[in-house]
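# Coordinate analysis (summary)
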Amino acid sequence: MAIPDVLVIGEILVELSSTEPLDAGTTLTLNFSGDALNSAAAAAAAGAHTALLARVPDDELGDRLLERVVALGIDTSQVLRVPGQHGLYLQHADPSGAREFAYVRRGSAGSGLGPGDVPLDLVARTGAVLASGIACAISPLSAKAVRVAASTSRCFVYDPNWRPRLVSAAGAGDHLRALAQYTRLVTPGWPHEAQLVTDATDPVAACAAIRALGVDAVALTRGGDGVLLDDGGRIVEVPVIPAPSVVDQTGAGDSFAGTVTARLALGDGLEDAVRLGVAAASLSVSGLGGTGHVATLEETRAHAANGAAEVSA
């Protein structure tokens, strides 16, 4: 069995999206998404042999789902086909970022992922493992699976990806604290996700507080203000790169996390990986849905270079 560069853990969702507000008669586009799939697609596009660890229903829609996963260049050897229902969400995509979501996922097959599903030997040899707060929030079993993988991995990346409808702020903070000692990099959004574990009102102080939990490095995403990278106390400001076009901001953070994880697994330095992740996230918003546009590595590198040239000009 080939050992992947990146293993992403989580739930793959059926995605029904529209550019119009959700209402009776709204036309919806069927696709497949979820933070795990979005991140894995970005990691694969960034050059990493990427595998997904997930549970997928063993029905016809599950077959179509896996065809999409393969088409995105993702290894499905760790996907478990099981009885059960799909998790899905409906979204109204708004270029401004004011998106409307409705989830139908309670008791889904994907939320049944547990510690016994984690291939420990493979995890220990994988370049990097990526998981999110959503994977921790969908069920206690899934949270345990993430913790087992994190404690076994040699490079664990954690995206808090806090969803208040899934877990309280206190619960999301507990997940981050439990994983901190195993984490190479955490990618919280400012201010809400960073403040899950600190009262700091200054981004630099918030990063320091998160590292004090045991995390090696923090890439604090701040929207239009770019990313504040704290790598063991070394602070770097990484500016945002304007998107060529904006259709839907769904999955931009996932694209960032997946790209950074891939480049770390392939040997890039953290700052270089973060700069490429910023470029990938910028390009991702030009498509509808979480995997509506997944830029190639060449496109992402060219966009990063153009962004750097504009900053230095």
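Residues numbered from 1 in each chain as written. Predicted model: local features only at pLDDT ≥ 70, side-chain atom pairs only at ≥ 80, totals over all residues. Heavy atoms only, no water.

## Focus on the environment of alanine 36
For clarity, the cut-off: Strands are runs of DSSP state E lasting at least two residues, helices are runs of H or I lasting at least four, and both sets are numbered from the N terminus onward. Any two residues having at least one pair of non-hydrogen atoms within 4.5 Å are treated as being in contact.
Of note, alanine 36 is situated in helix α1 (residues 35–45). Put simply, alanine 36 and isoleucine 9 are 27 residues apart on the chain and 6.3 Å apart in space, counted from C-alpha to C-alpha. Leave out the neighbours within four places in its chain, and alanine 36 touches Val8, Ile9, Gly10, Glu11 and Leu52.

## Some remarks on the side chain of serine 108
Locating serine 108 in the fold gives a position in the loop between β7 (100–104) and α3 (120–125). If sequence neighbours within four positions are ignored, serine 108 has contacts with Glu11, Gln85, His86 and Gly87.

## With respect to the pattern of salt bridges
Heads up, the rule is: A side-chain nitrogen of Lys or Arg and a carboxyl oxygen of Asp or Glu constitute a salt bridge if their distance falls within 4 Å. Throughout, exposure labels follow a simple rule: accessible area from a 1.4 Å probe, protein chains only, divided by the maximum for the residue type, with under 20% read as buried, over 50% as exposed, and the rest as partly exposed.
Throughout the structure, instances matching the rule amount to 12 salt bridges. Measuring nitrogen to oxygen at the nearest pair gives 2.8 Å for the salt bridge that ties arginine 105 to glutamate 11. On the criterion of sequence distance, the pair formed by arginine 105 in the loop between β7 and α3 and glutamate 11 in the loop between β1 (6–9) and β2 (13–18) is long-range, its members being 94 residues apart. Arginine 211 is the salt-bridge partner of aspartate 230, the closest N and O atoms lying 2.8 Å from each other. Placement of the pair is aspartate 230 in strand β12 (residues 227–231) and arginine 211 in helix α7 (residues 203–211), with a sequence separation of 19 residues. Accessibility expressed as a relative area gives 2% for aspartate 230, which makes it buried. Residues joined by salt bridges that share partners form a network here, namely Arg234, Glu271 and Arg275.

## So, the sheet that holds strand β11 (residues 217–221)
Operational definition: Strands pair, by our definition, only if DSSP identifies at least two bridges between them. The angle between two axes is taken between their N-to-C directions and runs from 0 to 180 degrees, where each axis is a line fitted to C-alpha atoms and a helix contributes only its stretch in contact.
The 9 strands are arranged β5-β4-β1-β8-β9-β10-β11-β12-β13 in an open sheet whose pairing can be described as mixed. Here the strands that pair on one side only, and so sit at the sheet edges, are β5 (79–82) and β13 (234–238). Along the sheet, successive strands turn relative to each other by an average axial angle of 20 degrees, direction set aside. As paired strands, β12 and β13 are joined by 5 bridges and run antiparallel to one another. Directly across from valine 227, in β13, lies its bridge partner valine 238.

## Describing the nonpolar core
Counted only if it meets this: Residues enter a nonpolar core if they are buried and are Ala, Val, Leu, Ile, Met, Phe, Trp, Tyr or Cys, with the set joined through side-chain atoms within 4.5 Å.
Core analysis: the biggest nonpolar cluster contains 48 residues, and Leu52, Ile74 and Val274 have the highest contact counts within it. Broken down by element, the residue count for this core peaks at 7 residues, all from helix α9 (residues 270–284). Not counting chain neighbours up to four residues away, the residues in contact with isoleucine 74 comprise Leu37, Ala40, Ala41, Ala44, Thr50, Ala51, Leu52 and Val69. Counting 38 residues, the second-largest nonpolar core is a separate cluster that includes Ala51, Val118, Ala200 and Leu220.

## Observations regarding unusual backbone geometry
Negative phi is the rule for most residues except glycine; trans is the rule for most peptide bonds. The amide bond that connects tryptophan 190 to the next residue, proline 191, takes the cis arrangement and shows omega of 5 degrees. Inspection of the secondary structure puts proline 191 in the loop between β10 (183–186) and α7. Its identity as a non-glycine residue notwithstanding, asparagine 161 has a phi of 40 degrees, on the positive side. With relative accessibility at 7%, the residue asparagine 161 sits in the buried group.

## Section: the packing of α1 against helix α8 (residues 252–265)
Convention followed: Oblique is the label for any angle not under 35 degrees, not over 145, and not in the 65 to 115 range, which are roughly parallel, roughly antiparallel and roughly perpendicular in turn. The sense of a crossing depends on the near helix, which, turned anticlockwise from the far helix by less than a right angle, makes the crossing left-handed and, turned clockwise, makes it right-handed. Classification convention: Asp, Glu, Lys, Arg as charged; Ala, Val, Leu, Ile, Met, Phe, Trp, Tyr, Cys, Pro as nonpolar; all other residues, Gly among them, as polar.
Where α1 meets α8, the axes come as close as 7 Å, and the angle between the chain directions of the two elements is 45 degrees. Between α1 and α8, the crossing angle belongs to the class labelled oblique. Read as a crossing pair, α1 and α8 show a hand that is right-handed. In contact with Asp35, Asn38, Ser39, Ala42 and Ala43 of α1, α8 contributes Asp254, Ser255, Gly258, Thr259 and Ala262. Class assignment of the residues belonging to the contact of α1 with α8 gives a composition of 3 nonpolar, 5 polar and 2 charged.

Just distances and angles here, no functional claims.
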